[in-house]
Amino acid sequence: MNRKTEKKVVKRRILSNKKVAEDHYVMKIEAPRIARDFSPGQFVAVKAREKVTDPLIRIPLGIHRTRGKGLELLYKVVGPGTALLSAKKTGEKIDMLGPLGNGFDLSPLTAAGKKTAVIVAGGHGIAPLYPLAEITAKKAERTEFFIGTDTKDHVVRAEELKKLGIRVHIATEDGSRGFKGYVTELLKKQLKRTTKHETRTTLYACGPRPMLAALAEIAGEMKISGQVSLDAYMACGIGACLGCAIRTVDGYKLVCKDGPVFDVHEIDWKRALRE
Amino acid sequence: MDLKIKIGKITFKNPVWVASGTFGYGKEFEDFLDLGSVGAVITKTLTLNAREGNPPPRIVETPSGLLNSIGLENQGIDHFIREYWPFLKKIGTKVIISITGTGREEFVRCAERIAGEIRPDAVEINLSCPNVTHRGTRFRLMAQDPVTTGKVITAVRKRIGCPVIAKLTPDVTDITVVARAAESAGADAVSLVNTYPAMAVDAEEMRPVLGNMTGGLSGPAIKPMALKAVWDVYNSVKVPVIGIGGVMTGKDCAEFVLCGARAVQVGTANLADPVAYARILDEFTAYLKKKKIKKIKDLVGRLGT
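We now turn to the structure provided with this report. (Residues numbered from 1 in each chain as written. Chains lettered and ligands numbered in written order. Predicted model: local features only at pLDDT ≥ 70, side-chain atom pairs only at ≥ 80, totals over all residues. Heavy atoms only, no water.)

Digging into helix 6 (residues 223-234) of chain B
Residue and element names in this part refer to chain B.
1) Next: In this model helix 6 runs 16 Å from its N-terminal to its C-terminal C-alpha over 12 residues, within 8% of the 16 Å that 1.5 Å per residue would give.
2) Next: Buried residues of helix 6: Lys223, Ala226, Leu227, Ala229, Val230 and Val233, and no others. Down the axis of helix 6, the smallest arc covering the buried residues is 165°, so these residues share one side.
3) Next: If you follow the buried residues of helix 6, they end up packed against helix 5 (175-184), strand 10 (189-192), strand 11 (196-198), strand 15 (241-244), helix 7 (250-258) and strand 16 (261-266). (Helix = DSSP H or I, 4+ residues; strand = E, 2+ residues; numbered from the N terminus. Expected span 1.5 Å × (residues − 1). Buried < 20%, exposed > 50% of the residue type's maximum accessible area, 1.4 Å probe, protein only. Arc of directions from axis to C-beta. Contact = heavy atoms within 4.5 Å.)

Given below as structure tokens:
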């Protein structure tokens, strides 16, 4: 699945940059090459501002969707860099490095007997999972999409996902929409009820590390295979600085180059949570 | 315009190099740059045996700076010689191998491995990574101790034919003392500065941001301090000084050269932008043209004249 698209630094026009929920924005960039060739799970690294020394390094963002020649990035304003991004106007150009990293492996869905995709998105971790769902909606027998956020105002893309013909389950920590509690609790309940043949199920997830660690535990208990996309402090994005190390069962690996998608059972979660 | 410079007997095509630890082993940048255009590629620092590196988070941005505690992760010098050297020796420019050790013996054994197997254009002795602790000195880092610095340089010098560059830490009372010790021991050049020891704190979580608690600060934030260190050392030694610290533009290169640097190293800029090097070299060349500088040496240390 991971077509090798040459990673490049490009300057591309912003087609739109809209708020889609509280603190959440979608920037659409004219980038036909990446839009055509990327694999869900891959990311780009953008400059919030050019020709200044602060911010200094790029912001890594999971590729969200493609619409025609437009590449969409869904991001949450979490600091000064993303705040600058949210202020960018249509027609401005943005400096973008990508596509970077390896996307999700879809082969378990086409392998004999493994036909259900369970996708779990925590917060803006939904960004790289939406394009994955667009594919599993067609390829998998069944897709169950779980969205977990702190509150209802941070739930994005639920309606669009339903239109893809997949089942959407929502959990909010404050109970303002759907199940009250963590999405992992909701998932556990649902899996116990509906999943009779765990070997047919593949789990895909992106979100905060504690959520991913909880999923790893569930996947372990239920003997489900799965893949997670990780976020990390990152500088170069191309495997040069060794900054974005993550502890795996085979020692440190790099989120930017070896990931950001990893086998859920490959990560040393005990240390990944602490480190 | 003549961009060539000499360190020891080696001639470099231009004085704008890439700093150790910010350019991998060159291969990581081949999609982005003509590696042959780079003045010199300095490898990520190598140790005798593989090193796992420090616990993450290892890197975080600070105002106009980058704080890291990678911890010299590398797969060891033999792996480098096997896997990366065949590529590097063909990139069409000078290659400098950066080595370190926890004690003098490891530096010596690295030097012996290099001398026995390959012929790099120079060796940079990293005496100054703030993310490790050295043995055989009463200081944390060898480059804080003029006596140990001298001993390591002498020992490496004896075993290697190519130019030897001593990379120094700014975390000392007087960097000129260590620079003079390196010179006396036979270093062909000194490069400075390595990163400044520094911290970042997460007040919300009430803990250090870096997994290793402290790290080394690089980037534009340290440039004024690096310029001062280069200026001081330039006025204290006869060997060439190589300037490092927050070079992001051609003008930054000029500032270092004016302070006495014969060459400069681009570091953090490579991590912010893998195509930065080409722009910086172009900008520096344009500066020299505008100022009608025919030879680099006409600019070196000109601040003092």
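Overview of the environment of Gly116 of chain B
1) Next: Here Gly116 of chain B lies in helix 3 (residues 104-117).
2) Next: Classification of Gly116 of chain B as exposed rests on a relative accessible area of 63%.

Details of the sheet that holds strand 6 (residues 65-68) of chain B
All names here are of chain B.
1) Next: Taken together, the 4 strands give an open sheet; going across it, the order is 5-6-14-11, and neighbouring strands pair in antiparallel fashion. With partners counted over all chains shown, the strands left at the sheet margins are strand 5 (59-62) and strand 11, one partner each. Geometrically, the sheet is characterised by an average inter-axis angle of 35° between neighbouring strands, direction not taken into account.
2) Next: Of the strand pairs in this sheet, strand 6 and strand 14 (residues 215-218) are connected by 3 bridges, and their pairing is antiparallel. Residue pairing for strand 14: Leu66 is matched across the bridge by Ser218. (Pairing = 2+ DSSP bridges. Axes fitted to C-alpha atoms, helices over the stretch in contact; angles between N-to-C directions.)

Brief notes about the sheet that holds strand 4 (residues 59-67) of chain A
Residue and element names in this part refer to chain A.
1) Next: Taken in spatial order, the 6 strands of this closed barrel run 1-2-5-4-3-6, and their pairing is antiparallel. Neighbour-to-neighbour, the strand axes of this sheet turn through a mean angle of 45°, independent of strand direction.
2) Next: Relative to strand 6 (residues 93-100), strand 3 (residues 43-46) is paired through 3 bridges, and the arrangement is antiparallel. Bridged to Val46 within strand 6 is Met96.

Focus on the side chain of Arg209 of chain A
Residue and element names in this part refer to chain A.
1) Next: Within the element layout of this structure, Arg209 appears in helix 7 (residues 209-222).
2) Next: Of note is the side chain of Arg209, whose polar atom sits 3.0 Å from the backbone oxygen of Asp231.
3) Next: In contact with Arg209, not counting residues within four places along its chain, are Leu230, Asp231, Ala232, Ile246, Trp269, Ala272, Leu273 and Glu275. (Polar contact = N/O pair within 3.5 Å; in protein donor to acceptor, adjacent residues only side chain to side chain.)

Section: the pairing of strand 8 (residues 142-149) of chain A
The side chains of a regular strand alternate, first on one face of the sheet and then on the other.
All names here are of chain A.
1) Next: Of all 8 residues making up strand 8, 7 are buried, and the element is well covered by its neighbours.
2) Next: Direction of pairing for strand 7 (residues 116-122) relative to strand 8: parallel, over a ladder of 7 bridges. The partner of Ala121 across the bridge, within strand 8, is Ile147.
3) Next: For the crossover that starts at strand 7, traverses helix 4 (residues 129-139) and ends in the parallel strand 8, the hand is right-handed.
4) Next: Of the pairings in the sheet, the one linking strand 8 to strand 9 (residues 167-172) comprises 6 bridges and is parallel in character. If you follow Gly148 over to strand 9, its bridge partner there is Ala171.
5) Next: A crossover connection joins strand 8 to the parallel strand 9 through helix 5 (residues 158-163); in handedness this β-α-β unit is right-handed. (Right-handed = clockwise from strand over helix to strand, strands pointing away.)

Let's talk about the packing of aromatic side chains
1) Next: Under the defined criterion, the tally for this structure stands at 10 aromatic pairs over all chains.
2) Next: With centroids separated by 6.4 Å and ring planes inclined at 25°, the aromatic side chains of Phe80 of chain B and Tyr84 of chain B adopt a geometry described as stacked. Both residues of the pair, Phe80 of chain B and Tyr84 of chain B, belong to the buried class.
3) Next: For the ring pair Phe80 of chain B and Trp85 of chain B, a centre distance of 6.4 Å and an interplane angle of 55° mean the geometry is tilted.
4) Next: Phe80 of chain B sits in the buried class, given a relative accessible area of 1%.
5) Next: What links up through ring pairs into an aromatic cluster is the set Tyr25, Phe80, Tyr84 and Trp85 of chain B.
6) Next: Here the guanidinium or amino end of Arg65 of chain A rests over the ring plane of Tyr130 of chain A, the centre of that ring lying 5.2 Å away.
7) Next: Geometry around Tyr130 of chain A places Arg157 of chain A over its ring, the cationic atom sitting 6.0 Å from the centre. (Phe/Tyr/Trp six-rings, centres within 6.5 Å; stacked < 30°, edge-to-face > 60°. Lys NZ or Arg CZ within 6 Å of the ring centre and 35° of its normal.)

A closer look at helix 4 of chain A
1) Next: The complete set of buried residues in helix 4 of chain A reads Leu129, Tyr130, Pro131, Leu132, Ala133, Glu134 and Thr136 of chain A.
2) Next: Close packing links the buried residues of helix 4 of chain A with strand 4, helix 3 (107-110), strand 7, strand 8, helix 5 and strand 11 (201-206) of chain A.

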